[in-house]
Amino acid sequence: MDCPQRAVFFLEEDASVPAYSKPLMLETVLFCPILSWMSEKLRSDGVQRFFAVCGPRFAQEARDCFPADAEVMVSEQHQELLSFLDTDETTLVFRWAALPAAEAGPGFAYAAPGRELRSTWRERLTNAVQGAELVGGWLPVNRRENLDEMEQLMRPRVIRRHSAAGVRIMDPGSVYIDPRVTIGTGTVILPGTILRGESRIGCGCTIGPNALVDCCTVGDGVVINASQTYESTIGAGADVGPYAHIRPNCTVGEKCHVGAFVQLKNCVLGAGTKMSHLTYVGDADVGERVNFGCGTITSNYDGFKKHRTVIEDDVFVGCNTNLVPPVTVGRGAYIAAGTTVTKDVPPDALTVGRVRQENKEGWAARRRKMHQK
């Protein structure tokens, strides 16, 4: 039989157990839907066209298990399935969820020419297809109770693949890596690290200990220490943490420093910008070589709408500064510690927005005497 060029998946909903009504193929192993495991393996084997038999409730979730450029049809319409099978191309059939495993023998998936399947399935769906050939290399996932077992089986395989590619994983038993993740040569993964989604991690990085990287692009030479990063880009040579939180839609420039207890959200940091600790920057466009003092925040939400802060290159932001947008801080400006910025700051200006200090001599002693202390 020729190499399969098409594949059909049957995503059945388990209506008998409402808490687990999602099709088993859409459940995850190592954070990755089983259908994504299947599609990636089949695409690498040369399968080009896919049909997922799935109702509208989970149609988009099923489609997301394939790359955007893949030729995929998701439908529960019988006539559309028959049209897909109107070909002599060899077609793989998966009636149940499965994970790729080279050592698995034949007996679970099968293949047949598309028109053979079409002829058999014209009246009713059945596995008794004349001329079908059993195909090996797939481990069935029959029940949700098997998911934990499959996770323990697949985890070391993913780790071995990265180790063979020049990634050092110091404690494989404490690391979880999504199969969709790519990691560059020379990167070190420290204990307690979780890498999820389609994250792309460069060469020579140090990730961990106790780090979570979810759907991020991480440049070469980046350090992420005991921090969480989501759906963002981190430029080469940057360092993050400890205890930092990078929320979705952030771009951290090259050689930036995002230090302890810093949170970023929906912002852009230019190259060389530094915020060492206790800072929140949200909905902001920050230039290059900006220095943030401890305790700085952008007050981006007014109770009704989010507003953006713009900070141009080479700005120095003093400790305990509040930036109340919409506001722009011009290039090279200085903001004095303790300032609340409510209007634009010209380039190269010094901005001071705080009450002038006043000392009341003897006040503390008089207070203690009043309370007889």
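Residues numbered from 1 in each chain as written. Predicted model: local features only at pLDDT ≥ 70, side-chain atom pairs only at ≥ 80, totals over all residues. Heavy atoms only, no water.

A. Highlighting the nonpolar core. Counting 86 residues, the largest nonpolar core has Phe 9, Phe 94 and Leu 264 as the members making the most contacts within it. Among all residues touching Phe 94, those that are not within four sequence positions of it are Val 8, Phe 9, Phe 10, Met 25, Met 38, Leu 42, Phe 108, Ala 109 and Trp 138. Phe 10, Phe 51, Val 53 and Leu 81 belong to the second-largest nonpolar core, a separate cluster that totals 14 residues. (Core = buried A, V, L, I, M, F, W, Y, C linked by side-chain atoms within 4.5 Å. Buried < 20%, exposed > 50% of the residue type's maximum accessible area, 1.4 Å probe, protein only. Contact = heavy atoms within 4.5 Å.)

B. The arrangement of the pattern of salt bridges in detail. Applying the stated rule across the entire model yields 17 salt bridges. When the shortest N-O distance is used, the salt bridge between Asp 45 and Lys 41 registers 2.6 Å. The class for Lys 41 is partly exposed, based on a relative accessible area of 31%. It is possible to trace a salt-bridge network through shared partners that takes in Glu 288, Arg 289, Asp 313, Asp 314 and Arg 331. (Salt bridge = Lys/Arg side-chain N within 4 Å of Asp/Glu carboxyl O.)

C. Main features of helix H5 (residues 147–164). Look at H5: 26 Å from first C-alpha to last across 18 residues, which is about the 26 Å you get at 1.5 Å a residue. Along H5, the residues classified as buried are Leu 147, Met 150, Glu 151, Met 154, Arg 155, Val 158, Ile 159 and His 162. Close packing links the buried residues of H5 with strand E2 (28–29), helix H1 (34–44), strand E7 (98–100), strand E11 (168–169), strand E12 (176–177) and strand E13 (182–183). Looking one or two places after H5, you find Gly 166, whose phi comes out positive at around 95°. (Helix = DSSP H or I, 4+ residues; strand = E, 2+ residues; numbered from the N terminus. Expected span 1.5 Å × (residues − 1).)

D. Broad picture of the packing of aromatic side chains. Within the structure shown, the criterion is met by 10 aromatic pairs. Ring geometry for Tyr 243 against Phe 261: centres 5.3 Å apart, planes inclined by 25°, an arrangement best described as stacked. One end of the pair, Tyr 243, is in the loop between strand E23 (239–240) and strand E24 (245–246); the other, Phe 261, is in strand E26 (residues 257–269), with 18 residues separating them in the sequence. A relative accessible area of 52% means that Phe 261 is categorised as exposed. The rings of Phe 9, Phe 50, Phe 66, Phe 94 and Trp 138 are connected pair by pair, giving a single aromatic cluster. The cationic tip of Arg 95 hangs over the ring face of Phe 10; the distance from NZ or CZ to the ring centre is 4.5 Å. (Phe/Tyr/Trp six-rings, centres within 6.5 Å; stacked < 30°, edge-to-face > 60°. Lys NZ or Arg CZ within 6 Å of the ring centre and 35° of its normal.)

E. Inspection of unusual backbone geometry at higher detail. Geometrically, the link from Gly 208 to Pro 209 is a cis peptide bond, its omega value of 0° lying close to zero. Take Pro 209: it is sitting in the loop between strand E17 (206–207) and strand E18 (212–214). That bond from Gly 241 to Pro 242 is cis: its omega, 5°, falls within 30 degrees of zero. Structurally, Pro 242 can be placed in the loop between E23 and E24. Here the phi dihedral of Asp 283 falls at roughly 50°; this positive angle occurs in a residue that is not glycine.

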